[in-house]
Amino acid sequence: MSTEEKKNSQISLDSEILSPSTEKEVSEIVREIYSKKLPIEITGTGTKKVFGYNLQTAKKLSLSQLSGIIDYQKEELYIKVKAGTPIEDIEKILEENNQELAFEPIDFGYMINGQSNKGTIGGYVACNFAGSRRFKVGSVRDHILGFKGVNGKGDIIKSGGTVVKNVTGYDLSKLISGSFGTLVVLTEITLKVSPKKQSQITVIVYSDEIKKISNLFDKILSSSNEVSAATFIPEEPSHKNYEHTKNKIFKFNDLDQEGSFLAFRIEGDKRSIDERLKELKIELDLSNFKSSILDVHQSIPFWKKVNNLELFSGTKNNVLRAVMPPAKCEAFSKFLNKNYKYYIDWCGSLFWIEVLDKDDEKINKIKNFIVENSGYLTIIKKSENFDFQDTLFTIDNTRLMISKKIKESFDPKKLFNPGRMYREL
Amino acid sequence: MTELALPQIDRTTVSKKSLIVSQLKKFTNEENVLSENEEIKPYETDGLAAYKQTPLAVVLPENTKEVSEILKFCNEENIKVIPRGAGTGLSGGALPLQDAILLGLGKFNKILEIDFDNKCVVTQPGVTNLGITHAVQHKGYYYAPDPSSQLACSIGGNVAENSGGVHSLKYGTTTNNILGVEMVMMDGTITRIGGKTLDQEGYDLLGLVCGSEGLLGVITEVTVKILRKPQSVRAALIGFPTVEDGGNCVSDIISSGIVPAGMEMMDKALIDATDKFSKAGYPKDAEVLMIVELDGTKSEVDGLLDKVSEIAKQNNSNSMKLSNNEKERLAFWSGRKAAFPACGAMAPDYYCMDGSIPRGKLSLILKEINQLSKKYNLAVANAFHAGDGNLHPLIMFDGSDKEQLRKTEEFGAEILKACVKHGGALTGEHGVGIEKRELMCEAFNNDDIQQQLNIKKSLDEKNLLNPGKVYPILRKCAEEGRVHVHRGEEKFPDLPRF
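Think of each chain on its own: its residues are numbered from 1, step by step along the sequence as written. The naming scheme follows written order: chains are lettered A onward, ligands numbered 1 onward. Thresholds applied to this predicted model are a pLDDT of at least 70 for local features of residues and 80 or more for the giving and counting of side-chain atom pairs; totals over whole chains, interfaces and linings are not thresholded and use all residues.

1. What to know about the interface of chain B and chain A
For the purpose of contact definition, each residue receives a C-beta atom placed from its backbone, and two residues are in contact when these atoms lie within 7 Å. With 72 residues of chain B at the interface, the matching set in chain A holds 69 residues. Among the elements of the structure, strand E9 (190–194), helix H8 (205–209), helix H9 (243–255), helix H11 (298–314), helix H16 (440–443) and helix H17 (446–459) of chain B are those that each provide at least two residues to the side of chain B that touches chain A. Here the term charged refers only to Asp, Glu, Lys and Arg, the term nonpolar to Ala, Val, Leu, Ile, Met, Phe, Trp, Tyr, Cys and Pro, and the term polar to all other amino acids, Gly among them. The class makeup of the residues in the side of chain B that touches chain A is 19 nonpolar, 37 polar and 16 charged. For the purposes of this entry, the term helix denotes a DSSP run of H or I that reaches at least four residues, the term strand denotes a run of E that reaches at least two, and both are numbered from the N terminus.

So this is what it looks like as structure tokens:
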């Protein structure tokens, strides 16, 4: 490339946002920033920008031009895409072929500004936040068969492949999942896809007794009836600064009673749904509860709303994500109940919590409870102008030390998303 | 590979043997340190028995603190360490070195906690895979990954190799079924990764360690997920007149949306071998035989089994049996499970390969393997975990004939290269170890390998933990013209070259 060409290209270091459209261009950019020691912020379409610490880099590397499906092998159950490919594009082609991404990508757009915006596959992999089916099918990382990317020196590297059984070398697909773009600039991702289930229903169980709810979660987890999602949506606290949206959002013909409820989903063909429902009614003693059933037409949108954090649609407050050992569900719910707007997903393991604006003390109290109970917490969204003093992620010193070494082996000059996860990385 | 290159022997370490042995005795009970020839003989090989090597000494620590002290000492004194679980691995991952301490985890044999509330078991790494299931089955639970060696292989070894098994098609491999580990790094640092929660925050170190073949740390505790046993399990035993028909049936079942618990295939040579050996009553007119296992609720399993039979018929199946009870189901499996010993009865030795291919290429690779069998004049029988494209060709040979052993390894390497050529992987579940080390250049280029070596170096700076495994001796790759020297830089300077 001549100097003139470079100046006018999307990858010239003169522009603030660099938008490479090929893997080779990504590599060239990184080689250049490596030699100049210029840190960059890596973005897709910016939907995950709110996560982690704010970055102060002068340059941004946008992967939005690196988009498109490279190879889709329906029979082999994989799809290979460029890292900047919008989730919607992938979901569309899978839908046409009666397949899906089993980890149910979360649409964070609602939480951020009240509008749907799923972002890119690269962003999903970078965060590793799976949707409601997690406890049944694994996380995003469990669905990555392989990837290509550029490390912090500009070398194009790959790991994994397109087959499910592969133990050739370290499993870097796992390591880069959830690394928030601090190890490699992803360029290509191969995802495992799954056949869609024929149908689904959702059973609503009305109760606000935490003990009973956590007992139901436990029974569902212990059941061999393959429940594929289970959530608890409690009544919102009365505090005026929490928007009361629950009854508006979860408005369905067959969700006919106000108040807290637990919902669980059964997927499969009609015959097996009926059979499982019959057995679950006995296993869960549902005759002791008031309950109702959402048919497939209500069940699908219901879980979209759960997955997409619509309860926190457009919130100005902080949003926290906590993962707990399932047996701590009752204790943590009691701790939160009536004080916070929250809900539980992953059959008692995942808590989404809204905390009022600029409240370090409350966040720290929640954090301490979580850490003491062997869980972990990530502050997903910070309210505007709020500078939470403590770390946004939970980690111990030994793991931080190991993480630093690994970071250095990929990105020795700390150029990718510096300080995004931990201030030291 | 018969004259396997191993890291250069550090003569200084060897000459200090008695000093090192007496030092090791300070960290653990004296009887846990073995140094006499007859004591250490059982440790000179693992499941890849073609290679034997006597370690400097064997140490069998009893707790994490001892492991930490031993590793710290070895790190400071530049002594290599080879970790070992049950020694059942098939790729030579636990092959000792003459100047290395062999660190056996056999005394870590207790289950620490059975936590039904959190649906997990916390165990020491020396507990066998099946031992975990035995500990929880009274309440209807089990641990899902089931490598064929599950009676003997340890859970720590499973983590090191990311072991799979017959049912990984539906339930995943080790990496999808563990929640946490305690691990000791080469410098003695003890760390806990994960716990009883789903996923973990920060870098997925659990995912990195799982399948790292003992190169990054020594696992001293594992927390595994346990699952409720399915209500109903049934299997179909289906024969096909041609390999193509069988291969197409596998693809059709998967693309129809059915996810069987397991889907196994055997070729004619193996059907004959196992039938002679185990009298499983397999059909004689089949070129390939398939076992499809389905689990779930009763009506679901019955319904899926109907669908599977339908798809098999469309693919010209010429025999079909459906299990109606547990006895019949186990009878279907008896032949498959006897496959390896059956081959052992047919020839003095057999060599078990392990590659992965896209499912759609099954019949193609089988043809290529048969051509190679003619080329090398060595008999081969094939077993596949067909549902996830994982193949285990068993090459039969006579190990006392060095020329046959050499030809066998060449044959095996050609199969694995063919797997990579067809879009598959060098190893599906046995690991790279020493066995496929030199083939890594088939799957990865220099930059890919360099990144992996950089990770290794960042966690084990002196390359003391299980050296000589997994990663190729780069000069050999360079000589074969597959890897260029990267921008004139010396590759991982601490890595021994030959």
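From this point, the narrative continues.
2. As for the sheet that holds strand E7 (residues 144–150) of chain A
Residue and element names in this part refer to chain A. Pairing in this open sheet of five strands is antiparallel, and the strands run E4-E5-E9-E7-E8 from one edge to the other. Two strands in the sheet have a free side with no partner beyond their single neighbour: strand E4 (69–73) and strand E8 (156–160). Direction aside, the axes of adjacent strands within the sheet are offset by 10 degrees on average. Criterion used throughout: strands pair if DSSP finds at least two bridges between them. Across four bridges, the pairing between E4 and strand E5 (residues 78–82) is antiparallel. Counted as the bridge partner of Tyr72 is Ile79 from E5. Where helices are involved, their axes are fitted lines through C-alpha atoms of the stretch in contact, as for all axes, and angles between N-to-C directions lie from 0 to 180°.

3. Some words on the environment of Ala160 of chain B
All names here are of chain B. Mapped onto the secondary structure, Ala160 falls in helix H6 (residues 155–161). Expressed as a C-alpha distance, the spacing of Ala160 and Val218, which sit 58 residues apart in the sequence, is 8.8 Å. Among residues more than four places away in sequence, those in contact with Ala160 are Gly85, Gly93, Ser212, Glu213, Gly214 and Ile219.

4. Looking at the domain arrangement of chain A
All names here are of chain A. Domain limits in this description derive from either an automatic procedure or a database domain assignment. Assigned domains within chain A: domain 1 (1–196 + 395–425) and domain 2 (199–381). The C-alpha centroid of domain 2 is placed 29 Å from the C-alpha centroid of domain 1. Contacts between the two partners involve 16 residues from domain 1, matched on the other side by 20 residues from domain 2. Among the secondary structure elements, those contributing two or more residues to the side of domain 1 that touches domain 2 are helix H4 (109–113) and helix H6 (134–137).

5. Comments concerning the domain arrangement of chain B
Interface size is commonly expressed as the accessible surface area that is lost when the partners come together. Residues and elements named next belong to chain B. Its domain assignment divides chain B into domain 1 (11–104), domain 2 (111–228), domain 3 (231–435) and domain 4 (437–488). Look at where the C-alpha atoms of domain 2 and domain 4 centre, and you get two points 28 Å apart. Across the boundary between the two partners, domain 2 contributes six residues, which contact eight residues of domain 4. Each residue belonging to the side of domain 2 that touches domain 4 can be placed in one class, and the counts come to four nonpolar, one polar and one charged.

6. Brief notes about the pairing of strand E13 (residues 262–267) of chain B
Residues and elements named next belong to chain B. The exposure label follows from counting other C-beta atoms within 10 Å of a residue's C-beta, where the C-beta atoms are placed from the backbone and the thresholds are 20 or more for buried and 12 or fewer for exposed, leaving partly exposed in between. Burial analysis of E13 places six of its six residues in the buried class, which makes it a mostly covered element. Alternating residues of E13 divide into Gly262, Glu264 and Met266 and Met263, Met265 and Asp267, and every residue in both groups is buried. Two strands pair when backbone bridges link them, and E13 and strand E14 (residues 288–296) are joined in this way by six bridges, in the antiparallel orientation. Paired with Met266 across the bridge in E14 is Leu289. The pairing of E13 with strand E18 (residues 380–385) spans two bridges and is antiparallel. Bridge assignment links Met265 to a residue of E18, and that residue is Phe384.

7. Points about the confidence of the model for chain B
pLDDT: the predictor's confidence for each residue, scored from 0 to 100. On average, chain B scores 90 in pLDDT, and the residues at 70 or more come to 94%. pLDDT under 50 marks residues 475–498 of chain B. Its contacts with residues more than four places away, or in other chains, come to 32 contacts.

8. Observations concerning the packing of helix H10 (residues 268–278) of chain B against helix H13 (residues 339–346) of chain B
Residues and elements named next belong to chain B. Two numbers describe how H10 lies on H13: the axes approach to 8 Å, and their chain directions differ by 90 degrees. Classified by the interaxial angle, the pair formed by H10 and H13 is roughly perpendicular. Residues Leu270, Ala273, Thr274, Phe277 and Ser278 of H10 touch H13, and the partners they reach there are Ala339, Pro341, Ala342, Cys343, Ala345 and Met346. When grouped by side-chain class, the residues that make up the contact of H10 with H13 number nine nonpolar, two polar and no charged. Note that the term roughly parallel is reserved for angles under 35 degrees, roughly antiparallel for angles over 145, roughly perpendicular for angles of 65 to 115, and oblique for everything else.

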